[in-house]
Amino acid sequence: KAGVTQTPRYLIKTRGQQVTLSCSPISGHRSVSWYQQTPGQGLQFLFEYFSETQRNKGNFPGRFSGRQFSNSRSEMNVSTLELGDSALYLCASSLAAATWGNTEAFFGQGTRLTVV
Amino acid sequence: QQQVKQSPQSLIVQKGGISIINCAYENTAFDYFPWYQQFPGKGPALLIAIRPDVSEKKEGRFTISFNKSAKQFSLHIMDSQPGDSATYFCAARENTGNQFYFGTGTSLTVIP
């Protein structure tokens, strides 16, 4: 069974540009969450999508957005990039909603974004 | 505000020793507590997880101890090996969604 696939693995962008990251969850998983990981702030929740609907959102500015497609694949977009957006962006895949036995979250390898 | 507090920040253990990492929380709505292991350049990998109705869960050399009244849980790695050298994160999830709150991580080094 394939794991969570994130593309691209590495990105270098210039301040002011925008970027789109992609995540393909484990087959059959319908929930996709995005996290930002930095040395200073650790792992911080960005948002979660379930059945193409954003179900939960973390405390990030509106420059960070996402969407989910009917095949559960998800994309995350960051507009007007800032130097502080440099981070490892991780996608987590879960089977379903927060019900008993469906709570395991599996992470992809992440996309390393560097803003220069 | 850090919802899950993790300690220590770093840990050095001799091969064969026991590694212990502790986490504490306040939010009583948390109902699922996983531990993740992360190697450099990789995403976090689910190691072991526990629910608050269980006080201990063991999987191989890894054990979670859970104290619901104290709102604390810990990871014990028995017979620690150099290959266990990684960063470990505790996490907690509310019973209302799939958002995880992570601890700040513990860098474990196991000396041969």
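Everything below is about the structure shown above.
Residues numbered from 1 in each chain as written. Chains lettered and ligands numbered in written order. Predicted model: local features only at pLDDT ≥ 70, side-chain atom pairs only at ≥ 80, totals over all residues. Heavy atoms only, no water.

### A short note on the nonpolar core
Nonpolar side chains tend to gather and get buried jointly when the protein is soluble and globular. Core analysis: the largest hydrophobic core is formed by 25 residues, its most contacted members being B:Val4, B:Phe33, B:Trp35, B:Phe73, B:Leu75 and B:Tyr88. Residue assignment for this core shows that the elements contributing at least two residues are strand 2 (10–14), strand 3 (19–25), strand 4 (30–38), strand 5 (45–50), strand 7 (62–67), strand 8 (72–77), strand 9 (86–94) and strand 11 (106–111) of chain B. At four residues, the largest contribution of residues to this core is made by strand 9 of chain B. Formed by 21 residues, the second largest nonpolar core is a distinct cluster that contains A:Cys23, A:Phe47, A:Ala87 and A:Cys91. (Core = buried A, V, L, I, M, F, W, Y, C linked by side-chain atoms within 4.5 Å. Buried < 20%, exposed > 50% of the residue type's maximum accessible area, 1.4 Å probe, protein only. Helix = DSSP H or I, 4+ residues; strand = E, 2+ residues; numbered from the N terminus.)

### Considerations on the interface of chain A and chain B
Across the boundary between the two partners, chain A contributes 26 residues, which contact 19 residues of chain B. Interface area for chain A against chain B, summed over the two sides, is near 1,800 Å², with a carbon-plus-sulfur share of 52%. Where chain A touches chain B, the interface holds zero salt bridges. Inspection of the chain A/chain B interface yields five residue pairs in polar contact (both at pLDDT 80 or more). Elements that contribute at least two residues to the side of chain A that touches chain B include exactly strand 4 (31–38), strand 5 (42–50), strand 6 (53–57), strand 9 (87–94) and strand 10 (105–107) of chain A. By residue number, the principal contributor to the side of chain A that touches chain B is strand 4 of chain A, which donates four residues. Taken together, the residues of the side of chain A that touches chain B break down into 12 nonpolar, 10 polar and four charged. (Contact = heavy atoms within 4.5 Å. Buried area = accessible area lost by both parts, 1.4 Å probe. Salt bridge = Lys/Arg side-chain N within 4 Å of Asp/Glu carboxyl O. Polar contact = N/O pair within 3.5 Å; in protein donor to acceptor, adjacent residues only side chain to side chain. Nonpolar A, V, L, I, M, F, W, Y, C, P; charged D, E, K, R; others polar.)

### Side note on the state of the cysteines
Applying the stated rule across the entire model yields two disulfides over all chains. Linked covalently through their sulfurs, A:Cys23 and A:Cys91 form a disulfide whose S-S length is 1.7 Å. Here the S-S torsion is close to -50°, and the disulfide linking A:Cys23 with A:Cys91 is therefore left-handed. Here A:Cys23, found in strand 3 (residues 19–24), pairs with A:Cys91, found in strand 9; they are 68 residues apart in sequence, far enough to count as distant. For A:Cys23, a relative accessible area of 0% gives the class buried. Through a disulfide, B:Cys23 is tied to B:Cys90; the S-S separation comes to 1.9 Å. Judged by the sign of its S-S torsion, about -95°, the cystine formed by B:Cys23 and B:Cys90 is left-handed. A residue pair is termed long-range when its members are at least 10 positions apart, and B:Cys23 in strand 3 and B:Cys90 in strand 9 qualify at 67 residues. Comparing B:Cys23 with B:Cys90, the two get one shared label, buried. (Disulfide = S-S within 2.5 Å.)

### Let's talk about unusual backbone geometry
In this model, A:Thr7 is joined to A:Pro8 through a cis peptide bond whose omega is -10°. Secondary-structure assignment places A:Pro8 in the loop between strand 1 (5–7) and strand 2 (10–13). A cis geometry characterises the amide bond from B:Ser7 onward to B:Pro8, with omega recorded as -5°. Positive phi outside glycine occurs at A:Ser72, with the angle close to 75°. One can find A:Ser72 in the loop between strand 7 (64–68) and strand 8 (74–78). One non-glycine residue with positive phi stands out, namely A:Thr80, at about 45°. Position of A:Thr80 relative to the elements: it lies in the loop between strand 8 and strand 9. Take A:Thr80: its relative accessible area is 47%, and that puts it in the partly exposed class.

### Some thoughts on the pattern of salt bridges
Charged atoms that come close allow side chains of opposite charge to pair. In the structure shown here, the tally under the stated rule is nine salt bridges over all chains. Each of the salt bridges in this network shares a partner with another, and the network as a whole consists of A:Arg63, A:Glu82 and A:Asp85.

### Focus: the pairing of strand 9 of chain A
Residues and elements named next belong to chain A. The buried fraction of strand 9 is high, at eight of eight residues. The alternating pattern of strand 9 places Ala87, Tyr89, Cys91 and Ser93 on one face and Leu88, Leu90, Ala92 and Ser94 on the opposite face, and all of these are buried. Direction of pairing for strand 4 relative to strand 9: antiparallel, over a ladder of seven bridges. Considered in strand 9, the bridge of Gln37 is made with Leu88. Bridge count between strand 9 and strand 11 (residues 111–115): three bridges; the pairing is antiparallel. Bridged to Ala87 within strand 11 is Leu113. Examined bridge by bridge, strand 9 and strand 10 share three bridges and lie antiparallel to one another. Bridge pairing links Ala92 to Phe107 in strand 10. (Pairing = 2+ DSSP bridges.)

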